[in-house]
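Here is what each chain is made of, one letter per residue.
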Amino acid sequence: MATRFILGDNNWGIQEDFVLGYAINPENNFYIPREVSFTRSSDGMAVLSDGSIRRFPWNFIQNSESLDNASWIKTNVVVVPNSEIAPNGTLTADLVIPTTGMGEHNLNPIGIPLFPVTEPETISFYAKSGGLNFIGIRTNINSSWVVTQFNLSTNAVASLGAGMSNPLITSVGNGWYRCVVTVSNRTANAFQFIASPAGSVSFTSDGKNGVYLWGCQLVDGSDPLVYLRTGSRADFPRIDSSFGNKCLLFEISKINLDPVSKNFNNAAWTLTNSGGVTVSTVTASNPFNLPTVSKIIPTTTLGQHRPFATLNYSAAGRMWVIAKADGYNFLSLGESGSVSGGDIIFNLSNGTVSGSAPGYTPEILSLGNGWYKCSLNVLATGSLGRFIIVRNANSTADYSGDGTSGILIAHKQYEVGTFDSSPIVSTSGSATRNSDYAFISNATQYIGNSEGTIFLHTSNVKANASGNWLVRLDDGTENNRLGLFCAASSGNLMVNISRTGTGSDIMVYSDFLTLTNQGNAKIALAYKNGDFALAVNGTIVATSNNAGAIPAFTTIRFNSNSSNGLIGDFSLRKFQLEDLRLSNAELIQLTTL
């Protein structure tokens, strides 16, 4: 084999705008890091290796190492960029100098969200004295401005603001400290960083001394988390462990129609239907590692206890919740006035499903610690009620609640499409997660222009309504291309080659989508003029003697065409590119699970 490029294989490195692959020097087999450009233009969620579900990026502060950027408001301060070696050994720490004179001097990141007041959030940053020994973090809690101050000369918390908690200052070497504090009930979109000589908000500055800052981070919850560098926060790859191994997650754009995915604090949700429910916020461990979740509590009034939201589906779709028993063990999902689908019962005590309803297909998945994802397809389109029915310990729908028992809800999602996507968090209206795609331009040195082999190890491939590319080589246009394409209607895997605009599918594997929906698939495409072969999971499934010169390719693309279209859903575990047409025996060996 003559491997020229590898991506993944449990060796993932991610940063905003790119995922790290490795080119291989054929002369000495040395691995050379190479950035693979990545785009999504929105937040996204993924399952980590410990089973928890985390937002990518989890840091809500933009340009966390570029305080001179316009996304930081400077009030009587000057930022001198790249003035000091940062804790990670790079010359990226900025010096914040209060300007000359008396008054307030602070630095404030813009664009941070205002979380629900009941939810804690944690801010952290790295600081080092640049002549001034105090760094404060100030915000508005319960409509009052409060500040926590850290002393960089004594490695101590100098003062703690009301409503702030769990302050921590930790030395990380070379005069640097990581400062952390948790905030609850924040009522303004502001976090002011204040460098001062004595821990004051307003003071007289000499305009010379300051504090070095680097690695500013804001996360939801009380865990500060490992620091994650950000720019615009738009294009973070997601490394997902839903299938046991770390995979690069690709998805099409989806919208969560639910305006409040975690709770029911929105006029779209009606709680008084039939017997009615109340909803409270409770502390409970959960897959999102957030301190609180919602608890639906049926009232003591006889009837069905089924909160609903009127949500508008433009086409058939899915509805699902992440739920846990808390006194009552059963729930149903339904839609429209007759609550279609409501006869299907999800058992939150043992992860089973009972009952049936014509046209509806339920799914239940354990997420650990008693939490289950309960999912049902949506048949009724238009603006109709979508119900969550809380059943009692006997799975009865009509009953009088005891006023305390209920079920916990960590997330709700209502989306158009034939399959569930990853969680999309919404707080005050429907929320959109944009499509993922990646590419390597100027990749000629890795691509065999007369022959070669493309290898993919994938999981959970889904067919898009228009069909979607898994991977392809092209010249930056649609004129010349070669790659693996998942057909829309059939889900067949097709090898598509086009030369100067004349396209054709030269090989087809008809059982592909059935196979990949079940889990892993190893796919290898070997190409050479008049000698093509396609192997899947240790079997040669198709061959072709299609004649014609292989075009000169310059670009490797994942999950898109040259105009960023024909995007689908799949998890990429490994990509490998050879500059030789491997033998059929080698293809079988390479793709054997």
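Here the structure is shown first, and the text comes after it.
Residues numbered from 1 in each chain as written. Predicted model: local features only at pLDDT ≥ 70, side-chain atom pairs only at ≥ 80, totals over all residues. Heavy atoms only, no water.

Asker: Honestly, the sheet that holds strand S33 (residues 362-368) in this entry has me stumped. Any pointers?
Answerer: In space, the 6 strands of this open sheet follow the order S25-S26-S37-S29-S34-S33, with antiparallel pairing throughout. Whereas interior strands pair on both sides, the edge strands pair on one side only; in this sheet they are strand S25 (277-283) and S33. Strand-to-strand twist of the sheet, defined as the mean angle between neighbouring strand axes without regard to direction, takes the value 35 degrees. Relative to strand S37 (residues 406-416), strand S26 (residues 292-298) is paired through 3 bridges, and the arrangement is antiparallel. For Ile296, the partnering residue across the bridge sits in S37 and is Ile407. (Pairing = 2+ DSSP bridges. Helix = DSSP H or I, 4+ residues; strand = E, 2+ residues; numbered from the N terminus. Axes fitted to C-alpha atoms, helices over the stretch in contact; angles between N-to-C directions.)

Asker: I keep staring at the side chain of Arg318 and nothing clicks. Help me out?
Answerer: The topology assignment puts Arg318 in strand S29 (residues 317-326). With a relative accessible area of 6%, Arg318 lands in the buried category. Polar contacts involving the side chain of Arg318 include one to the side chain of Asp420, which spans 2.9 Å. (Buried < 20%, exposed > 50% of the residue type's maximum accessible area, 1.4 Å probe, protein only. Polar contact = N/O pair within 3.5 Å; in protein donor to acceptor, adjacent residues only side chain to side chain.)

Asker: How should I be thinking about the pairing of strand S5 (residues 44-47) in this particular structure?
Answerer: In summary, the side chains of a regular strand alternate between the two faces of the sheet. In this sheet, strand S6 (residues 53-56) lies alongside S5 in antiparallel orientation, the contact comprising 4 bridges. Among the inter-strand pairings, Val47 is bridged to a residue of S6, identified as Ile53.

Asker: Even after reading the chapter, I still don't get the nonpolar core, so can you show me in this structure?
Answerer: The tendency in soluble globular proteins is for nonpolar side chains to be buried as a group. Leu484, Leu534, Ile556, Phe558 and Phe575 are the most contacted members of the largest nonpolar core, which has 49 residues in total. Excluding residues within four positions of it along the chain, Leu484 makes contact with Leu456, Trp469, Leu470, Val471, Leu493, Met494, Val495, Ile523, Leu525 and Leu534. Counting residues in each nonpolar core, the second largest holds 33 residues, with Ile61, Ile112, Leu152 and Leu213 among its members. (Core = buried A, V, L, I, M, F, W, Y, C linked by side-chain atoms within 4.5 Å. Contact = heavy atoms within 4.5 Å.)

Asker: Would you mind showing me how to read the pattern of salt bridges here?
Answerer: A side chain with one charge may pair with a side chain of the opposite charge, provided their charged atoms come close. In the structure shown here, the tally under the stated rule is 26 salt bridges. Across the salt bridge formed by Arg4 and Asp579, the nearest N and O atoms sit 3.2 Å from each other. Pair noted here: Arg4 is in strand S1 (residues 3-8) and Asp579 is in the loop between strand S49 (569-578) and helix H2 (584-591), with a separation of 575 residues, a long-range link. Measuring nitrogen to oxygen at the nearest pair gives 3.1 Å for the salt bridge that ties Arg40 to Asp436. Of this pair, Arg40 sits in the loop between strand S4 (31-39) and S5 while Asp436 sits in the loop between strand S38 (431-433) and strand S39 (437-440), and the two are 396 residues apart along the sequence. When sorted by exposure, Arg40 lands in the same class as Asp436, which is buried. Each of Arg40, Arg238, Glu251, Arg433 and Asp436 takes part in salt bridges that share partners, so that together they form one network. (Salt bridge = Lys/Arg side-chain N within 4 Å of Asp/Glu carboxyl O.)

Asker: How should I be thinking about the environment of Leu302 in this particular structure?
Answerer: Positionally, Leu302 belongs in the loop between S26 and strand S27 (303-304). Overall, Leu302 belongs to the exposed group, its relative accessible area being 63%. With 224 residues separating them in the primary sequence, Leu302 and Ala526 have C-alpha atoms 66 Å apart.

Asker: Would you mind showing me how to read unusual backbone geometry here?
Answerer: The omega torsion across Phe56 and Pro57 is -5 degrees, close enough to zero to call that bond cis. Along the chain, the position of Pro57 falls in the loop between S6 and strand S7 (72-75). At Asn82, a residue that is not glycine, the phi angle is positive and equals roughly 50 degrees. Within the secondary structure, Asn82 is located in strand S8 (residues 77-84).

Asker: What's the story with the sheet that holds strand S28 (residues 308-313) in this structure? I'm lost.
Answerer: Picture the strands of a sheet paired through backbone hydrogen bonds; they go either parallel or antiparallel. As summarised here, the arrangement of the 6 strands in space is S24-S28-S35-S30-S31-S32, forming an open sheet in which the pairing is antiparallel. The two strands at the open ends of the sheet, each matched to only one other strand, are strand S24 (269-270) and strand S32 (352-354). The pairing of strand S30 (residues 330-335) with strand S35 (residues 382-391) spans 6 bridges and is classified as antiparallel. Note on S35: the bridge partner recorded for Ser332 is Ile389.

Asker: Got a minute to help me understand the environment of Leu168 in this structure?
Answerer: Structurally, Leu168 can be placed in strand S16 (residues 164-173). Its relative accessible area of 46% is what places Leu168 among the partly exposed residues. Placed 271 residues apart in sequence, Leu168 and Phe439 show a C-alpha to C-alpha distance of 41 Å. The contact partners of Leu168, leaving out residues within four places of it in the chain, are Phe150, Val157, Arg178, Cys179 and Val180.

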